[in-house]
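Geometric and topological summary
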Amino acid sequence: MSVPVAVGDRARLPFAERCAALGCVAAARLLTCFSPRTLCRALETVRRGARPATEPEAARARHAVVAVSVRCAGNGCLQRSVATALLCRLRGRWPQWCTGVRTEPFRAHAWVAVDGRPVGEPDDTRLYHPLLSVPR
């Protein structure tokens, strides 16, 4: 369901940020076990009252999630995107969470976006047609 991502040097994070990112990765792991409908409802509930995330804020959250989880750094796009959104929410912000498909070749992918632009994703992410989205 994901576009492969190369695992580079894993950055050292401050202890508090590392703990927050690990917690969000664990919560995302649980949330991704639910049906798409339940997942969207949970994310919609969590995002209430949050201000829109900026691109640097979303990129920082994504970087932290990738730094603490090999699965999120690799092919775990659904868990990575949910964890990134949750970490942004811990900071009082919310990016747009999206999941979608493309047909040539058929693939599914999940990502976070700010102002309609995918954050930290390959350029071909724009070829995906969003199916589910939890707006900012």
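Just above, that's the structure.
Residues numbered from 1 in each chain as written. Predicted model: local features only at pLDDT ≥ 70, side-chain atom pairs only at ≥ 80, totals over all residues. Heavy atoms only, no water.

**Regarding helix α1 (residues 15-31)**
Here is the rule: Runs of E in the DSSP output that reach at least two residues are strands. Runs of H or I that reach at least four are helices, and both are numbered from the N terminus. To estimate the expected span of a helix, subtract one from its residue number and multiply by 1.5 Å. Whether two residues are in contact is decided by their heavy atoms: any pair within 4.5 Å suffices.
For α1, which comprises 17 residues, the first-to-last C-alpha distance of 24 Å matches the rise-based estimate of 24 Å (1.5 Å per residue) to within 8%. Elements that come into contact with the buried residues of α1 comprise α2 (36-47), α3 (55-68), α4 (70-73) and α5 (77-90).

**Thoughts on the pairing of strand β3 (residues 96-103)**
Put simply, the rule reads: Two strands form a pair only when DSSP identifies at least two bridges running between them.
Both β3 and strand β4 (residues 106-114) contribute to a ladder of eight bridges, which runs antiparallel. Among the inter-strand pairings, Arg102 is bridged to a residue of β4, identified as Arg107. Between β3 and β4, which pair antiparallel in sequence order, lie two residues. As defined by bridge partners, β3 adjoins strand β6 (residues 129-134) across five bridges and the pair is classed as antiparallel. Looking across to β6, one finds that Thr99 is bridged to Leu132.

**Some remarks on the sheet that holds β3**
The condition is simple: Interaxial angle, 0 to 180 degrees, is taken between N-to-C directions of lines fitted to C-alpha atoms, where a helix line uses only the stretch in contact.
The four strands lie next to each other as β5-β4-β3-β6, forming an open sheet whose pairing is antiparallel. A single partner strand is all that each edge strand has here, and the edge strands are β5 (117-118) and β6. Sheet strands in contact with α2 are β3 and β6, and its direction is about 50° off that of β6. Contacts from α5 reach β3 and β4, with the element oriented near 10° to β4.

**Structural notes on the pattern of salt bridges**
So the rule is basically this: Counted as salt bridges are all cases of a side-chain nitrogen of Lys or Arg within 4 Å of a carboxyl oxygen of Asp or Glu.
A complete count under the given rule lists seven salt bridges for this structure. Counted as one network, the salt bridges with shared partners bring together Glu17, Arg60 and Arg91.

**Concerning the nonpolar core**
Counted only if it meets this: Here, the term nonpolar core denotes a set of buried Ala, Val, Leu, Ile, Met, Phe, Trp, Tyr and Cys residues that are joined through side-chain atoms within 4.5 Å. Per-residue accessibility, obtained with a 1.4 Å probe over protein chains only, is compared with the maximum for each type, and a residue is labelled buried under 20%, exposed over 50%, and partly exposed between these values.
By size, the foremost hydrophobic cluster in this structure holds 31 residues, and its most contacted members are Leu39, Leu43, Val82, Leu86, Leu87 and Trp97. Looking at this core, the elements with two or more residues in it are α1, α2, α3, α5 and β4. Top element by residues in this core is α5. It accounts for eight residues. If sequence neighbours within four positions are ignored, Leu87 has contacts with Ala20, Ala21, Cys24, Ala61, Ala64 and Val65.

**Re the packing of α2 against α5**
Helices that pack against each other are described as a pair by the angle of their axes relative to one another and the distance between those axes. Applicable threshold: Angle categories are assigned with fixed cut-offs, so that under 35 degrees is roughly parallel, over 145 is roughly antiparallel, 65 to 115 is roughly perpendicular, and the rest are oblique. Here is the rule for handedness: rotate from the far helix to the near one, and if that takes an anticlockwise turn smaller than a right angle the crossing is left-handed, while a clockwise turn gives right-handed. Charged residues are taken to be Asp, Glu, Lys and Arg, nonpolar residues to be Ala, Val, Leu, Ile, Met, Phe, Trp, Tyr, Cys and Pro, and polar residues to be all remaining types, Gly included.
At a minimum axis separation of 10 Å, α2 and α5 run at an interaxial angle of 20°. Between α2 and α5, the angle falls in the class roughly parallel. Between α2 and α5 lies a crossing of left-handed hand. Packed against α2, whose contacting residues are Leu39, Leu43, Val46 and Arg47, the element α5 presents Leu78, Val82, Leu86 and Arg89 at the interface. Residue composition of the contact of α2 with α5, by class: six nonpolar, no polar and two charged.

**Section: the packing of aromatic side chains**
What counts here: Between 30 and 60 degrees the pair is tilted, below 30 it is stacked and above 60 it is edge-to-face, where a pair is any two Phe, Tyr or Trp rings, Trp via its six-membered ring, whose centres lie within 6.5 Å.
Tallied over the full model, the rule gives one aromatic pair. Measuring from ring centre to ring centre gives 6.0 Å for Trp111 and Tyr128, while their planes differ by 50°; the resulting arrangement is tilted. A residue pair is termed long-range when its members are at least 10 positions apart, and Trp111 in strand β4 and Tyr128 in the loop between β5 and β6 qualify at 17 residues. On the accessibility criterion, Trp111 (4% relative accessible area) is buried. Using a relative accessible area of 4% as the deciding quantity, one classes Tyr128 as buried.

So, to be careful, I would describe these as geometric facts and stop short of saying anything about function.
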